[in-house]
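Each chain, written out:
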Amino acid sequence: MPTLQVARSARSIIRAVCIGLALLGGGLSASLSWAQTQTEQAVSSYLNVTLPAIGQMNPYIDKSAADRARAFATIGITNTTCDAATSAAILAKEYIAEGAGELCQGMIAWMQNEDVLACSSVRYSGTDFAHTEPVDPKIAKLHTSEGILSTRLQLENAAGCATKTVTYWGPRILALLDQLSASISNAGDLLAPSSGADVATREAFEYTVRLCHLAYNGDQNTKSKVVDAADDAATG
């Protein structure tokens, strides 16, 4: 084993032992302190990132696709604005904050007229909001006072999520699969999907694969062998 690798391994072992001894010495208080820090981070992210982003996008939910796109280009929100806040909520097991993060991500998608992600986020946020575990009181209070549930319903209605079945999502996933097929060679190399277009990046390709899988799950009640095969082809 190379000397540098041995040194790194030794440091890793020493660090693990030190952490273990510290936790053993601190006992329950150390665990509680760590949990509290996670909760504080989740609350801070909810207050300072998730809710302001939702508030900025809320007025545009029912606007036209063109109006939403213009607004999104100017309000200073990016595709990843709510990602870290959602992760913080997951770590702290603050389900309401996690659901709000999902809702925020869905609103970001809807601002760009992407209904696959919008409707998927509506579904997942509803699952999070249905949890009955204890929640931080600040999060619980703002969840009600800021009308997060009504915002979720507004997005669901605007994107037509409740009325879109496999007859809608099926063609969507097939179109996405065609896009993937046109972006990769038989040897697995990325190609330009059409003449004059840019070659797809690995990130863009993986994003389209993700959309395929989310579209596949768009209708939870009805399945299709054709759609099943399309999802297998996209994610296989």
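Note that the structure is a prediction, hence the values are computed from the model and not measured.

Q: Help me out: how do you make sense of the overall build of the chain in this one?
A: Summing up its helical and strand segments, the chain has 11 helices and 0 strands in all. Expressed as a percentage of its 236 residues, the buried residues of the chain come to 37%. Restricting the contact set of the chain to residue pairs at least 6 apart, pairs at least 24 apart contribute 70%. A total of about 13400 Å² of accessible surface is found on the chain, and carbon and sulfur atoms cover 58% of it.

Q: For this particular structure, what's the right way to read helix α5 (residues 95-111)?
A: An α-helical turn contains 3.6 residues, so any two residues separated by three or four positions project in the same direction. Helix length check: α5 (17 residues) gives 24 Å between terminal C-alpha atoms against 24 Å at 1.5 Å per residue, within 8%. Of all 17 residues in α5, 15 are buried; the element is thus mostly enclosed. At the exit of α5 stands Asn113, carrying a positive phi of roughly 65°.

Q: I tried to follow the side chain of Thr151 on my own but got confused; where do I start?
A: Among the structural elements, Thr151 can be located in helix α8 (residues 148-158). The class for Thr151 is buried, based on a relative accessible area of 5%. Among residues more than four places away in sequence, those in contact with Thr151 are Ile54, Asn58, Ile61, Leu103, Met107 and Glu146.

Q: Just checking my understanding: could you explain the packing of aromatic side chains for this structure?
A: Each aromatic ring pair is described using two quantities: the centre-to-centre distance and the angle formed by the ring planes. Using the criterion set out here, one finds 1 aromatic pair in the structure. With centroids separated by 4.9 Å and ring planes inclined at 80°, the aromatic side chains of Tyr168 and Trp169 adopt a geometry described as edge-to-face. On the basis of relative accessible area, Trp169 is assigned to the buried category, the value being 3%. It is Arg123 that lies over the ring of Tyr124; its NZ or CZ is 5.1 Å from the centre.

Q: Is there a simple way to think about unusual backbone geometry in this case?
A: Backbone geometry follows two general trends: most residues other than glycine have a negative phi, and most peptide bonds adopt the trans configuration. Phi is positive for Lys93, close to 55°, though the residue is something other than glycine. Among the secondary structure elements, Lys93 is positioned in the loop between α4 (83-92) and α5. In this structure, Asn113 takes a positive phi of about 65° despite not being glycine. Residue position: Asn113 is located in the loop between α5 and α6 (115-129). A relative accessible area of 42% means that Asn113 is categorised as partly exposed.

Q: Help me out: how do you make sense of the pattern of salt bridges in this one?
A: For side chains bearing opposite charge, pairing can occur when the charged atoms are close. According to the stated counting rule, one finds 4 salt bridges in the structure shown. In this structure, Glu114 and Arg172 form a salt bridge, with 3.1 Å as the shortest nitrogen-oxygen distance. Separated by 58 residues along the polypeptide, Glu114 in the loop between α5 and α6 and Arg172 in helix α9 (residues 166-182) bring together distant segments of the chain. Here Lys164 and Asp115 are joined by a salt bridge, their closest N and O atoms 2.7 Å apart.

Q: I keep staring at the nonpolar core and nothing clicks. Help me out?
A: With 50 residues, the main nonpolar core has Tyr46, Ile54, Met57, Ile77, Cys104, Met107 and Ile148 as its most contacted residues. With 10 residues, the top contributor of residues to this core is α5.

Q: Explain the state of the cysteines here, please?
A: Linking two cysteines covalently through their sulfur atoms gives a disulfide. Enumeration over the complete set of coordinates arrives at 2 disulfides. Note on cysteine connectivity: Cys119 is disulfide-linked to Cys161, with sulfurs 2.1 Å apart. Its S-S torsion of about -85° marks the bond between Cys119 and Cys161 as left-handed, since a negative value means left-handed. On the criterion of sequence distance, the pair formed by Cys119 in helix α6 and Cys161 in the loop between α8 and α9 is long-range, its members being 42 residues apart. Its relative accessible area of 7% is what places Cys119 among the buried residues. We classify Cys161 as buried; its relative accessible area is 12%.

Q: Sorry, what's going on with the packing of α6 against α8 here?
A: Two quantities define a packed helix pair, namely the angle between the helix axes and the distance between the axes. Closest axis-to-axis distance for the α6/α8 pair is 10 Å, and the angle between their directions is 150°. By the angle between their directions, the pair α6 and α8 is classed as roughly antiparallel. At the point where α6 passes α8, the crossing takes the left-handed sense. Along the contact surface, α6 presents Ala118, Val122, Arg123, Ser125, Gly126 and Phe129, while α8 presents Ile148, Leu149, Arg152, Leu155 and Glu156. For the contact of α6 with α8, the per-class residue count stands at 6 nonpolar, 2 polar and 3 charged.

Rules used throughout
Residues numbered from 1 in each chain as written. Predicted model: local features only at pLDDT ≥ 70, side-chain atom pairs only at ≥ 80, totals over all residues. Heavy atoms only, no water. Helix = DSSP H or I, 4+ residues; strand = E, 2+ residues; numbered from the N terminus. Buried < 20%, exposed > 50% of the residue type's maximum accessible area, 1.4 Å probe, protein only. Contact = heavy atoms within 4.5 Å. Areas by Shrake-Rupley, 256 points an atom, 1.4 Å probe, with all protein chains shown as cover. Expected span 1.5 Å × (residues − 1). Phe/Tyr/Trp six-rings, centres within 6.5 Å; stacked < 30°, edge-to-face > 60°. Lys NZ or Arg CZ within 6 Å of the ring centre and 35° of its normal. Salt bridge = Lys/Arg side-chain N within 4 Å of Asp/Glu carboxyl O. Core = buried A, V, L, I, M, F, W, Y, C linked by side-chain atoms within 4.5 Å. Disulfide = S-S within 2.5 Å. Axes fitted to C-alpha atoms, helices over the stretch in contact; angles between N-to-C directions. Parallel < 35°, antiparallel > 145°, perpendicular 65-115°, else oblique. Left-handed = near helix turned anticlockwise from the far one by under 90°. Nonpolar A, V, L, I, M, F, W, Y, C, P; charged D, E, K, R; others polar.

Functional significance is not addressed by these values, which are geometric in nature.
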